[in-house]
Amino acid sequence: MAKYVYDFTEGNKDLKDLLGGKGANLAEMTNLGLPVPPGFTITSEACRHYLAEGAVPQGLDEEISGYLAALETTMGKKLGQADDPLLVSVRSGAKFSMPGMMETVLNIGLNDESVHGLAKQAGGNERFAWDSYRRLIQMFGKTVLGIDGEHFENALETLKGTRDDTDLDAAELRGLVETFKGIVRAETGADFPAAPRDQMRLAIKAVFDSWNAPRAVLYRRQERTPADLGTAVNICSMVFGNCGDDSGTGVAFTRDPGSGHQGVYGDYLQNAQGEDVVAGIRNTIPLQDLERLDKNAYDELMATMEKLENHYRDLCDIEFTIERGKLWMLQTRVGKRTAGAAFRIAVQLVDQGLITMDEAVTRVTGDQLGQLMFPRFDAGAERRLITKGMNASPGAAVGKAVFSSERAVELAEAGERVILVRRETNPDDLSGMIAAQGVLTSRGGKTSHAAVVARGMGKTCVCGAEELEVSVAARRFSAPGGVEVAEGDVISIDGTTGEVFLGEVPVVDSAVVEYFEGRDLDDELVTAVDRIMRHADSVRRLRVRANADTPEDAARAVRFGGEGIGLCRTEHMFLGERRQLVEDLVLASDETERQAALDALEPHQKDDFIGIFQAMDGRPVTVRLIDPPLHEFLPDLVELSVKVATGEASAKDRRLLEAVKRLHEQNPMLGLRGVRLGLVIPGLFAMQVRAIAEAAKEVPGARPEIMIPLVAAVQELEAVREEAARILAEAGVEALIGTMIEVPRAALTAGQIAEAAQFFSFGTNDLTQMTWGFSRDDVEASFFSRYLDLGIFGVSPFETLDRDGVGRLVRIAAEEGRRTRPDLKLGICGEHGGDPDSVHFCHEVGLDYVSCSPFRIPVARLEAGRAALQSNDSDTR
């Protein structure tokens with residue numbers, strides 16, 4: 001019979017697939033002898049069964065009863081016992097951290113009888129008991145019964161007035177309990193469930209159901225977390241931080257998650273329960289202040305944090321509670337951190353001897369490196385500072401102030417840049433946080449919901465800007481000095497310094513971009529990036545090239561570490577003033593006129609190639625012969641038609657109109673383009689090959705590679721290859737001749753095509769379009785959002801390579817091509833070449849290089865190193 005429940009003493013940190021991150025780490029801390037309240041975990045397998053079948057697995061209730069009985073024996077009291085109650089929390093815990101996205105219910109077991117027993121346990125502290133009871137009804141009502149949380153919040157705010165919740169006395173809280181029970185009765189038509197086991201059973205199901213709550217689905221999509229993992233449920237005996245001033249709750253980090261610097265970082269809240277800290281309902285105090293309030297608990301916490309960091313060999317995020325001076329550990333996990341912190345921490349841990357440089361490379365990601373390359377505010381620009389909060393998540397963000405997630409999404413979809421402004425965020429604000437350029441809150445600290453989620457997403461965030469008076473209802477905020485900001489006014493926030501500015505502040509290149517540009521900078525972060533990039537380069541197998549069409553792009557590619565050009569598109573060389581020459585080619589009435597047009601184009605092509613070869617300085621350059629249909633270089637059909645109709649057209653305009661009509665296609669992507677164009681228009685490809693060869697002769701060390709686009713049959717490639725080889729031989733230039741694999745038939749007949757091709761470059765943009773039957777320009781705007789909502793794909797196949805479909809074609813072509821020609825060079829030149837997950841796939845299938853935009857080269861270099869190390873690690877397991 002399947003086992004669905006594990007005591008904290010039965011698990012360990014390596015069972016995250018089964019126990020979730022929270023349950024696995026609670027078990028690990030228990031094994032380490034740390035003060036963890038006893039409890040047990042219901043596995044994610046039980047959740048998956050529940051979600052699939054609509055009911056918990058057979059035998060689960062009995063298994064829970066057995067573990068609950070054992071817990072009651074350990075604690076010496078029973079769940080909800082009237083005179084001496086055992087209370088428990090019911091908390092979610094998926095394999096991957098999803099902060100605030102799923103449900104938690106504290107104080108399960110309280111009712112009208114056991115509340116008096118809880119007061120007795122606390123030495124007659126009735127205020128504490130009734131505060132715990134009202135918290136249960138409030139959390140249970142919102143998360144389990146689905147009641148709008150504002151009903152409870154409004155009742156609490158009305159009672160508090162201008163006071164803090166800690167100022168309410170026992171009688172007021174007892175009355176609030178009755179008010180809350182009335183809300184439950186009014187909203188559900190039933191009384192609040194008094195039976196402790198009913199409370200637990202309903203809370204467990206609510207946690208299971210929260211896996212598919214809209215905010216959880218949205219968060220998983222944002223983080224690219226699989227939708228079929230499910231969540232574990234942790235049942236933990238309650239410890240109380242709301243017993244009085246000798247109690248409290250907090251969140252701590254073993255290093256600063258914002259900067260990576262070592263020190264004491266975290267937030268503490270006296271006389272509170274854990275959810276109060278992350279919700280940002282009251283402003284916390286810095287963790288350092290705990291030393292003044294309770295030296296013994298502080299010292300024990302510091303020792304525990306050091307033990308956990310050394311054990312996990314990483315930054316740890318810790319939740320703890322102090323109950324009447326006794327420290328209890330409620331959670332630990334490898335902490336989310338900003339991109340800059342990730343790089344700093346990785347090299348710090350190397351210098352401390354805790355990890356190797358190989359491990360350091362795997363501790364950072366290409367996405368994080370990309371974030372570090374975002375612009376920052378220009379320090380020399382004029383700016384108007386209006387307030388300063390906590391620097392919760394770095395970056396420079398500019399946009400219109402908006403005060404609701406709905407408005408943020410609405411304006412972002414219309415192309416506007418927005419800053420989401422809230423008193424504090426909650427999990428329901430996730431959609432607005434994703435849509436916004438940055439987040440600004442007037443409450444909360446570095447461990448509040450806004451800060452934690454923003455750091456995880458790489459989103460700029462300033463929290464706890466206490467000088468701001470935010471009115472969500474009026475859609476405005478006020479700042480010191482009489483500053484009023486209404487919805488739609490532009491503000492700028494600096495997540496690195498915590499500063500908030502009125503109006504738009506100009507941005508400049510980041511220090512990391514300056515480093516890649518070759519500038520010598522004395523900067524701690526740049527040093528960390530440099531060390532990791534050098535090691536990634538030393539271990540990677542995949543080479544990294546650039547998609548570059550101009551000498552300027554080629555030069556930047558070299559500065560950013562590019563090892564060649566994997567895609568030089570020649571069609572861009574026919575734009576601007578050269579359109580006239582293309583028009584002459586199209587309008588040519590005989591072979592003489594056509595050759596004259598080609599002869600006029602050739603020197604321009606040659607000059608372009610000379611500049612690119614010089615910039616690449618002996619590195620390989622793969623030149624794709626012209627790919628788009630010729631009508632794309634001609635004037636617009638409507639524009640010409642209007643000219644003719646109004647009598648403004650010249651004789652050439654009339655000829656061009658006839659040519660545009662003649663060349664018009666219903667589906668140009670599948671029409672006369674690529675290799676077909678070279679075969680239909682004699683001399684076109686020959687002119688380009690000759691220009692490449694002549695340019696190569698003038699640049700010592702030039703290494704051209706000629707790529708024929710849109711080949712679907714080996715016969716097409718053979719026809720072009722023969723002429724190209726002859727021209728190269730006549731010029732005395734050596735160059736590989738190969739093809740793009742961008743048509744599914746080419747991938748499926750790669751063994752045949754390899755007989756004529758010396759290299760394959762996978763054009764995954766078109767290969768994705770043709771494999772899925774998508775027209776990219778149309779589908780992304782028309783229905784992709786719906787496909788993402790339905791989970792048909794977790795991320796756009798144009799962003800990350802579709803491994804199951806397009807990826808299978810790549811794998812087939814690579815294997816069959818090399819079976820024919822073992823030394824076949826393989827690369828990828830679609831936009832996927834700079835996507836981290838796609839780079840790992842390219843490593844797995846044995847490609848020789850990836851090619852991407854110059855700006856993405858550092859990301860591809862890092863991910864290529866990570867792919868090699870992770871592949872080696874999996875090979876040794």
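It should be noted that the structure appears before, not after, this text.
Before going into details, it helps to say that this report is about the structure given with it. What you see is a predicted model, and the numbers here were worked out from it, not measured in a lab.

**Points about the side chain of E602**
Step number 1: The topology assignment puts E602 in helix α23 (residues 591–616).
Step number 2: The residues touching E602, leaving out its near neighbours within four places in the chain, are M687, R690 and A691.

**Thoughts on the sheet that holds strand β3 (residues 88–94)**
Step number 1: The 5 strands lie next to each other as β1-β2-β5-β3-β4, forming an open sheet whose pairing is antiparallel. Of all strands in the sheet, those with a lone pairing partner are β1 (5–7) and β4 (104–108), marking the two edges. Across this sheet, the average inter-strand angle for adjacent strands is 20 degrees, counted without regard to direction.
Step number 2: Most of the contacts of helix α8 (residues 196–210) go to strand β5 (residues 231–237), to which it runs at about 150 degrees, and overall it touches β2 (39–42), β3, β4 and β5.

**Examining the sheet that holds strand β15 (residues 418–422)**
Step number 1: Within the open sheet, the 8 strands sit side by side as β12-β22-β21-β14-β15-β16-β17-β13. Their pairing is mixed. Edge positions in the open sheet fall to β12 (384–388) and β13 (390–393), since each of these has one partner strand only. When the angles between neighbouring strand axes are averaged without regard to direction, this sheet yields 30 degrees.
Step number 2: Here 3 bridges tie strand β16 (residues 438–441) to strand β17 (residues 460–463), and the two strands are oriented parallel to one another. Opposite V439, over in β17, you have C461 as the bridge partner.

**Examining the nonpolar core**
Step number 1: Counting 132 residues, the largest nonpolar core has F343 and V529 as the members making the most contacts within it.
Step number 2: Looking at which element gives the most residues to this core, the answer is helix α27 (residues 684–698), with 10 residues.
Step number 3: If we ignore the near neighbours within four places in the chain, the residues touching F343 are V364, T365, Q368, L369, L372, L525, A528, V529, I532 and L862.

**A look at helix α35 (residues 836–844)**
An α-helix turns once every 3.6 residues. As a result, residues three or four positions apart point the same way.
Step number 1: Here α35 lies mainly inside the structure; 7 of its 9 residues are buried.
Step number 2: Every buried residue belonging to α35 is among P836, S838, V839, H840, F841, C842 and H843, and all of these are buried.
Step number 3: Directly beyond the C-terminal end of α35, a positive phi value near 90 degrees is found at G846.

**Some thoughts on the packing of aromatic side chains**
Step number 1: Within this structure, the stated rule accounts for 18 aromatic pairs.
Step number 2: Between F152 and F180, the aromatic rings sit 5.0 Å apart at their centres with planes inclined by 85 degrees, giving edge-to-face as the arrangement. Residue F152 is found in helix α6 (residues 149–160), and its partner F180 is found in helix α7 (residues 170–188); the two are separated by 28 residues along the sequence. Of the two residues examined, F152 and F180, each falls in the buried class.
Step number 3: In this structure, K326 is placed above the aromatic ring of W328, and the distance from its NZ or CZ to the ring centre is 5.1 Å.
Step number 4: Sitting above the plane of the Y849 ring, R545 keeps its charged end 4.1 Å from the centroid.

**Points about the pattern of salt bridges**
Step number 1: A complete count under the given rule lists 59 salt bridges for this structure.
Step number 2: Residue D584 pairs with K652 through a salt bridge whose shortest N-O separation is 3.7 Å. A residue pair is termed long-range when its members are at least 10 positions apart, and D584 in helix α22 (residues 579–587) and K652 in helix α25 (residues 651–663) qualify at 68 residues.
Step number 3: Note that D848 is salt-bridged to R818, the shortest N-O span being 2.7 Å. Of this pair, D848 sits in the loop between α35 and β31 (849–852) while R818 sits in helix α34 (residues 806–820), placing them 30 residues apart in sequence.
Step number 4: Judged by relative accessible area, D848 falls into the partly exposed class, the value being 27%.

**Quick notes on the packing of helix α4 (residues 114–121) against helix α5 (residues 126–143)**
Step number 1: It is at 8 Å that the axes of α4 and α5 come closest, and there the two elements cross at 135 degrees. In terms of axis orientation, α4 runs oblique to α5. Like other packed secondary-structure pairs, α4 and α5 cross with a definite hand, here right-handed. Contacts between α4 and α5 involve V115, H116, L118 and A119 on the former and, on the latter, E126, F128, A129, W130, S132 and Y133.
Step number 2: Of the residues assigned to the contact of α4 with α5, the class counts are 7 nonpolar, 2 polar and 1 charged.

What counts, and at which threshold
- Residues numbered from 1 in each chain as written.
- Predicted model: local features only at pLDDT ≥ 70, side-chain atom pairs only at ≥ 80, totals over all residues.
- Heavy atoms only, no water.
- Helix = DSSP H or I, 4+ residues; strand = E, 2+ residues; numbered from the N terminus.
- Contact = heavy atoms within 4.5 Å.
- Pairing = 2+ DSSP bridges.
- Axes fitted to C-alpha atoms, helices over the stretch in contact; angles between N-to-C directions.
- Core = buried A, V, L, I, M, F, W, Y, C linked by side-chain atoms within 4.5 Å.
- Buried < 20%, exposed > 50% of the residue type's maximum accessible area, 1.4 Å probe, protein only.
- Phe/Tyr/Trp six-rings, centres within 6.5 Å; stacked < 30°, edge-to-face > 60°.
- Lys NZ or Arg CZ within 6 Å of the ring centre and 35° of its normal.
- Salt bridge = Lys/Arg side-chain N within 4 Å of Asp/Glu carboxyl O.
- Parallel < 35°, antiparallel > 145°, perpendicular 65-115°, else oblique.
- Left-handed = near helix turned anticlockwise from the far one by under 90°.
- Nonpolar A, V, L, I, M, F, W, Y, C, P; charged D, E, K, R; others polar.

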